[in-house]
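Per-entry structural report
These are the residues of each chain, in order.
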Amino acid sequence: MEKENKKKEKEQNQNKNILIMIIVFVIALVLLVVGLSYAVFTYSKNGDVVNKLSTGTVTMTYTEGNNKISITDAMPIEDAVGKRLADTNQVFDFTLDITINGKMAIDYEITGEKDPSSTLNNNAVRLYLERSTDGTSYTSVLEPTNYQELAADDTFGAKKGEMILDTGTVQTTTKYYYKLRMWIDKNYEVDGTSRNFTVRVNAYGKDGTYINN
């Protein structure tokens, strides 16, 4: 009788251990799935800086609502979907304010600068930039494009490795509102390795030509 009781007690303990192992496994699996789901759509941006360039009668102020946008472990998506990204962590808003007193124009250039810590290849990332003069109605100035590095420093001040996002000449006081979106190219093959890509936005300006009117 005593042997049977010990046998039953042993079986009960074994069943309890198996149940505990199953519960631990289920919890670990849930945490893993939740962790992966979170990592699939991780975007971030931060900073708050105002940069001003004064050249004689021209003042260009570049206001960074956030000075960088990052993507980590994001899943590849179609360009049509990327262009509609609207979450506050997926859209980088910034403004370019140019004040001109007199008859001197200013040439400007907006660039993206890949952060050295980025681990995704340039051709795995798509960038899309829109511009507005009223902060409401936006038009595209850069259609979805893979990150394309400058082969050398340019005359505006942009360094080798940066990417030109927008450029132009302004002859009157102008304020531009921009929206930058970034996502993973639809053709990128996910291999299970955690990767990221961070772009900082820079603005450069210089005196343009004298306006004869």
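Keep in mind that what you see is a predicted model, and the values were worked out from it rather than measured. Here the residue index of a chain counts from 1 through its sequence in written order. In keeping with the model being predicted, local features are shown solely for residues with a pLDDT of at least 70 and side-chain atom pairs are shown and tallied solely at 80 or more, while totals for entire chains, interfaces and linings include all residues. Hydrogens and water are ignored here; the side-chain numbers use all heavy atoms of the structure.

What to know about the pairing of strand β6 (residues 104–114)
Two faces make up the sheet, and in a regular strand the side chains alternate between them. Each residue is placed in one exposure class: buried if its accessible area under a 1.4 Å probe, protein chains only, is under 20% of its type's maximum, exposed if it is over 50%, and partly exposed if it falls in between. Secondary structure is summarised from DSSP: a helix means a run of H or I of at least four residues, a strand means a run of E of at least two, and numbering begins at the N terminus for each. Counted residue by residue, β6 has eight buried out of eleven residues, so it is predominantly covered. Alignment of β6 against strand β9 (residues 163–170), held across seven bridges, turns out to be antiparallel. Note on β9: the bridge partner recorded for I106 is V170. For two strands to pair, DSSP has to find at least two bridges joining them.

Comments concerning the pattern of salt bridges
Any carboxyl oxygen of Asp or Glu that lies within 4 Å of a side-chain nitrogen of Lys or Arg is treated as forming a salt bridge with it. Enumeration according to the criterion identifies nine salt bridges in this entry. Note that K186 is salt-bridged to E78, the shortest N-O span being 3.7 Å. Note that K186 is positioned in the loop between β10 (174–184) and β11 (196–210) and E78 in the loop between β4 (68–72) and α2 (79–82), a separation of 108 residues in sequence. For K186, a relative accessible area of 48% translates into the label partly exposed. One salt-bridge network, held together by shared partners, links D79, R126 and D185.

Some points on the environment of D107
In this structure, D107 sits in strand β6. Residues D107 and G168, 61 residues apart in the sequence, show an inter-C-alpha distance of 5.8 Å.

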